[in-house]
Amino acid sequence: MKSDIQRFFRKSLLEISPYKSAREEYIDEGRDMILLDANESPFSSTTNRYPDPMQSDLKEEIASWKNVESDQLYLSNGSDEFISQIILSCCEPGRDHIITLPPTFGMYKVSARIHGVEVKEVPLNQDFQLNTSAILESADEKSKIIFIPTPNNPTANSFEYIAIKKIIEEFPGLVVVDEAYIEFTDKESLIKLLSKYSNLIICQTFSKAQGMAGIRLGMAFAQAELINYINRIKAPYNLNSLTIDAAFKRLREQDQIRKNVNYLIRERKRIVKLLNEISFIKKIYPSDANFVLVVVDNSDLRYKQLLDLNIVVRNASKNLACENTLRISIGLVKENNALITALHKMDKQ
Ligand SMILES: Cc1ncc(COP(=O)(O)O)c(C=O)c1O
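Residues numbered from 1 in each chain as written. Predicted model: local features only at pLDDT ≥ 70, side-chain atom pairs only at ≥ 80, totals over all residues. Heavy atoms only, no water.

Digging into the overall build of the protein chain
Rules: Where helices and strands are cited, they refer to DSSP runs of H or I of at least four residues and of E of at least two residues respectively, numbered from the N terminus. In this setup the radius of gyration rests on C-alpha atoms only. A globule is expected at 2.2 Å times the number of residues raised to 0.38. Throughout this description, buried means an accessible area under 20% of the type-specific maximum (1.4 Å probe, protein chains only), exposed means over 50%, and partly exposed covers the range between. Any two residues whose heavy atoms approach within 4.5 Å are treated as being in contact. What sets the accessible areas is the Shrake-Rupley method with a 1.4 Å probe; for residues, cover comes only from the shown protein chains. Counted as positive: Lys and Arg. Counted as negative: Asp and Glu. His and the chain ends are not counted at all. A charged residue contributes its charge at one atom only: NZ of Lys, CZ of Arg, CG of Asp or CD of Glu.
Of the regular secondary structure elements, the protein chain holds eleven helices and eleven strands. Rg of the C-alpha trace for the protein chain: 22 Å, near the compact-globule value of 20 Å for 349 residues, within the 12% margin. Along the first, second and third principal axes, the C-alpha atoms of the protein chain reach 70 × 50 × 30 Å. When the 349 residues of the protein chain are sorted by exposure, 51% land in the buried category. Long-range pairs, those at least 24 residues apart, make up 70% of the contacts in the protein chain with a sequence separation of at least 6. As displayed, the protein chain offers around 17,400 Å² of accessible surface, 50% of which is attributable to carbon and sulfur atoms. Across the protein chain, the centroid of the 45 positively charged side chains sits 5 Å from that of the 46 negatively charged ones.

Here you go:
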């Protein structure tokens, strides 16, 4: 009989026998072996061997950090890779679709399109909150995944817990709650709901609060059976040794990371106050993230003026309901001060 979790995945995926390296057959035995199985270079360095395909040691550490079991964790080359992987795993091109909630993170749509999968969009409401009834009404048996980034990018707000929970309970497919910015909010992670819901996946990343966008490391948490299916189509060595080593090191630097996060939250509060003094900034949306979304009089003009003053922000105006907006990341005190000085200068022009 089909398990409850199996039904989320493409039938053809269930028929694949995953690629296995010879090393995976004895990796647990812990013996000292002569490795002549993978056509690697025998000349020893930090990177002459392929990395552990299942990243077992790193998963153990991350799992105890996040209070889950290590088989409830999938590590990817950034969350971007996971987004692609889960669409590929679950959506039959030309038949199934994903649901996104614009204004939202752009990669969900790009990834779906790359895989030939249709995107149904259900806009957020005027307060940039989830339109729960519209979402559930638009869903059917071909709605394989809904992506809910909270705090949301580009709007910076978190979604209401009750609304997310209702969607998890009633949506027919998988619910991917993307918590890329979770460290910057006082809202709790939904990881605590994992054992209760077999259709829930939580994504987090080393790219934001962890300060490691350059190593490309994403984490997806779900029930073990679901993770097991995704592992079936994982590229054998999707995380490289340098990434794995850097992540281990970062896990031991969490005191500093907490300080950095608090710094950015303090700076966010300070900058919001100062942005209020700029006359061409018409609105500042509340932020639970390490960036703020502001409405200006003319986003193309202001974006260009900032570029001329050597400051790059994101012109977010192409997003639905985001006309004349700029998305501004919170930087170091010095960088934020330079931004405020530039905005005052533009204000006087
Ligand atoms: C909501 C959201 N999810 C995921 C990502 C990408 O994460 P990663 O760098 O791990 O691929 C971003 C990046 O901006 C994001 O805003």
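Re the domain arrangement of the protein chain
This is how the line gets drawn: Where each domain begins and ends follows an automated or database-derived domain assignment. Summed over both partners, the accessible surface that disappears when two parts come together, traced with a 1.4 Å probe, is what is meant by buried area. Salt bridges, as used here, are contacts in which a Lys or Arg side-chain nitrogen is within 4 Å of a carboxyl oxygen on Asp or Glu.
Here the protein chain is partitioned into domain 1 (6–250) and domain 2 (255–348). A straight line from the C-alpha centre of domain 1 to that of domain 2 covers 30 Å. Taken together, the 21 residues of domain 1 in the interface contact 18 residues of domain 2. Roughly 1,600 Å² is buried in total at the junction of domain 1 and domain 2, and carbon and sulfur atoms are behind 65% of that figure. On inspection of domain 1 and its partner domain 2, the count reaches one salt bridge. A salt bridge links Lys 187 to Asp 288, with the nearest nitrogen and oxygen atoms 3.0 Å apart.

Topic: the site of the ligand
Heads up, the condition is: When we say a residue is near a molecule or strand, we mean one of its heavy atoms is within 4 Å of it. Pairs of N or O atoms within 3.5 Å make up the polar contacts considered here, provided that, within protein, one atom can donate a hydrogen while the other can accept it, and that residues adjacent in sequence are counted only when both atoms are side-chain atoms. Polarity classes work like this: nonpolar for Ala, Val, Leu, Ile, Met, Phe, Trp, Tyr, Cys and Pro, charged for Asp, Glu, Lys and Arg, and polar for all others, with Gly in that last group.
Surrounding the ligand, one finds 13 residues, the nearest of these being Ser 79, Asn 153, Asp 178, Thr 205 and Ser 207. The contact in question runs from an oxygen atom of the ligand to an N or O atom on the side chain of Tyr 181, over 2.8 Å. Side-chain polar atom of Thr 205 to an oxygen atom of the ligand: 2.6 Å apart, as the coordinates give it. Protein contacts shield 92% of the accessible area of the ligand, which totals 400 Å² for the unbound molecule. Take the shell around the ligand: its biggest share by element is three residues, from helix 3 (residues 78–90). For the shell around the ligand, the per-class residue count stands at four nonpolar, five polar and four charged.

A word on helix 4 (residues 107–114)
Where we set the bar: Think of the arc as the fan of directions from the helix axis to the C-beta atoms.
Burial in helix 4 covers these residues: Tyr 108, Ser 111 and Ala 112. The arc enclosing the buried residues of helix 4, seen along the axis, measures out at 100°, which places them on a common side. Of the exposed residues in helix 4, those oriented more than 90 degrees away from the buried face are Arg 113 and Ile 114. Gly 116 occupies a position one or two residues after helix 4 and carries a positive phi of about 70°.

Overview of unusual backbone geometry
With an omega dihedral of 0°, the bond running from Pro 102 to Pro 103 counts as a cis peptide bond. Position of Pro 103 relative to the elements: it lies in the loop between strand 2 (97–100) and helix 4. With omega at 15°, the peptide bond leading from Asn 153 into Pro 154 counts as cis. Assignment of secondary structure puts Pro 154 in the loop between strand 4 (143–149) and helix 6 (161–170). Located in the positive-phi region is Asn 39, a residue other than glycine, with phi close to 55°. Note that Asn 39 resides in the loop between helix 1 (11–14) and helix 2 (56–66).

Regarding the pattern of salt bridges
Opposite charge on two side chains lets them pair, provided their charged atoms get close. This model, assessed by the stated rule, comprises 20 salt bridges. Taking the shortest distance from any N to any O, the salt bridge between Glu 253 and Arg 250 comes out at 2.7 Å. For Arg 250, a relative accessible area of 18% corresponds to the buried category. One connected set of salt bridges, linked through shared partners, spans Arg 95, Asp 96 and Lys 144.

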